[in-house]
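Now for the letters of each chain:
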Amino acid sequence: MKFDRDGAPFVAVSALPAAVAVVFGRWRTAAALLAAPAAIGAFFRDPDRAPDLGITPNPDLVLAPADGKVMHVGDPQDGLAPPGDWQQVSIFLSLADVHINRTPAAGRVVAVGHRPGRYLAAFRAESAQENERSEIAVESRVRGELRTVVFRQIVGVAARRVVTRVRVGDDLVAGQRIGLMRFGSRMDVFVPPHVQLEVQVGDKTVAGESVIARWPAPLEGDGAS
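In what follows, the accompanying structure is described. Computed from a predicted structure; not experimentally measured.

### Focus: the nonpolar core
Here is step 1: Formed by 28 residues in total, the largest nonpolar core has its most connected members in Val-62, Ile-136, Val-149, Phe-151, Val-189, Val-191 and Ile-212.
Here is step 2: The residues contacting Ile-212, other than those within four sequence positions of it, are Val-62, Leu-63, Ala-64, Pro-65, Val-89, Val-189, Leu-197, Glu-198, Val-199 and Thr-205.
Here is step 3: If you look at the next biggest cluster of nonpolar residues, it comprises six residues, including Phe-43, Phe-44, Ile-100 and Leu-180.

### Considering the pattern of salt bridges
Here is step 1: Tallying each qualifying case throughout the model produces 15 salt bridges.
Here is step 2: A salt bridge links Asp-67 to Arg-49, with the nearest nitrogen and oxygen atoms 2.9 Å apart. On the criterion of sequence distance, the pair formed by Asp-67 in the loop between strand S3 (61-63) and strand S4 (68-74) and Arg-49 in the loop between strand S2 (45-46) and S3 is long-range, its members being 18 residues apart.
Here is step 3: Here Arg-102 makes a salt bridge to Asp-52, at a shortest N to O gap of 2.9 Å. Remark: Asp-52 occurs in the loop between S2 and S3 and Arg-102 occurs in strand S6 (residues 100-102); sequence separation between them is 50 residues.
Here is step 4: On the basis of relative accessible area, Asp-52 is assigned to the partly exposed category, the value being 31%.

### Here we look at the sheet that holds S6
Here is step 1: Read from one edge of the open sheet, three strands run S6-S12-S10, paired in antiparallel fashion. Of all the strands in the sheet, just S6 and strand S10 (162-164) have a single pairing partner and so form its edges. Between one strand and the next, the sheet's axes are offset by a mean angle of 25 degrees, whatever the strand orientation.
Here is step 2: In this structure, S6 lies alongside strand S12 (residues 177-181), joined through three bridges in antiparallel fashion. Residue Ile-100 lies in a different strand from S12, and its bridge partner there is Leu-180.

### Details of the sheet that holds S3
Here is step 1: Taken together, three strands build an open sheet; the order of strands is S3-S16-S14 and the sheet is antiparallel. Looking at the sheet topology across the chains shown, the edges are occupied by S3 and strand S14 (196-197).
Here is step 2: Alignment of S3 against strand S16 (residues 211-214), held across three bridges, turns out to be antiparallel. Within the sheet, the bridge partner assigned to Leu-61 lies in S16 and is Arg-214.

### Here's the deal with the environment of Gly-7
Here is step 1: With respect to the element layout, Gly-7 can be found in the loop between strand S1 (2-3) and helix H1 (8-23).
Here is step 2: Distance from Gly-7 to Phe-44, taken between C-alpha atoms, is 5.6 Å for residues 37 residues apart in sequence.

### A few points about the environment of Pro-76
Here is step 1: Here Pro-76 is to be found in the loop between S4 and strand S5 (87-93).
Here is step 2: Taking the C-alpha atoms as reference, Pro-76 lies 9.6 Å from Ser-90; in sequence the two are 14 residues apart.
Here is step 3: When near neighbours in sequence (up to four residues on either side) are disregarded, Pro-76 contacts Ala-81, Trp-86, Gln-87 and Gln-88.

### Digging into the side chain of Gln-153
Here is step 1: Positionally, Gln-153 belongs in strand S9 (residues 145-155).
Here is step 2: Residue classification places Gln-153 among the buried residues on the basis of a relative accessible area of 0%.

### Describing H1
Here is step 1: With 16 residues, H1 ought to run about 22 Å at 1.5 Å a step, and its terminal C-alpha atoms sit 22 Å apart, in line with that.
Here is step 2: The principal kink in H1, of about 35 degrees, is found at Leu-16, preceding the proline Pro-17 by one to four residues.
Here is step 3: Residues of H1 that are buried: Ser-14, Ala-18 and Ala-21.
Here is step 4: Looking at the buried residues of H1, the elements they touch are helix H2 (27-33) and helix H3 (35-43).
Here is step 5: Gly-25 sits one or two positions beyond H1 and adopts a positive phi of about 75 degrees.

### Concerning the pairing of strand S8 (residues 133-142)
Within a regular beta strand, the side chains point alternately toward one face of the sheet and then the other, so they alternate between its two faces.
Here is step 1: Here strand S7 (residues 107-115) pairs with S8 via seven bridges, running antiparallel. By the bridge assignment, Ala-111 is partnered in S8 with Ala-137.
Here is step 2: Note: S8 against S9, 10 bridges, orientation antiparallel. Note on S9: the bridge partner recorded for Glu-135 is Arg-152.
Here is step 3: Where S8 hands over to S9, the hairpin turn is made up of two residues, of which Arg-143 adopts a positive phi near 55 degrees.

Parameters and conventions
Residues numbered from 1 in each chain as written. Predicted model: local features only at pLDDT ≥ 70, side-chain atom pairs only at ≥ 80, totals over all residues. Heavy atoms only, no water. Core = buried A, V, L, I, M, F, W, Y, C linked by side-chain atoms within 4.5 Å. Buried < 20%, exposed > 50% of the residue type's maximum accessible area, 1.4 Å probe, protein only. Contact = heavy atoms within 4.5 Å. Salt bridge = Lys/Arg side-chain N within 4 Å of Asp/Glu carboxyl O. Helix = DSSP H or I, 4+ residues; strand = E, 2+ residues; numbered from the N terminus. Pairing = 2+ DSSP bridges. Axes fitted to C-alpha atoms, helices over the stretch in contact; angles between N-to-C directions. Expected span 1.5 Å × (residues − 1). Bend = angle between axes of the 7 residues up to and from the residue.

Have a look at this one:
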């Protein structure tokens, strides 16, 4: 199991009380205090997923960008969607979920934006509009069709920082790591109206592997290759 580099300072600080207990010979206390750095280290775990193992997803699939529970599927919640016509899938990440985020689709990053804001509970609808967040737009061309997927990293009550590790111009493989959110949050994905949604509210997702939407296959005789 790998761990994200952002976790190192948090694990080190949380391990200090255990180290002090060792210095004073309080071995049982030290053992108990080690539960905190162990839990924080687990939060920053970074397991390999299908794309990391060389499995290339079907370009018609939109993958989950995060581990978690689907909390919204369908028409966008009021005031949340980017300009244009979209469908929305929202995933809530609990403290127990892996918090490494991945791009839901392959393509070139055409926009990256960050907006400071509040720290409302991530399961509340207004959190997507009022909380601190980063927004990423990825474009690709498949069989001559220009496809755009927009997704957001949104902080929650405990999450106080969004880490985004992509820039405009980066070329991404579907399921590639793009950053993380610290300590409980949500991700919203926006796809065009003609894309078939493949999840329901309450479904559990695995980042980089679970299919949340599917682009329609070309009709026979349409000239696509």
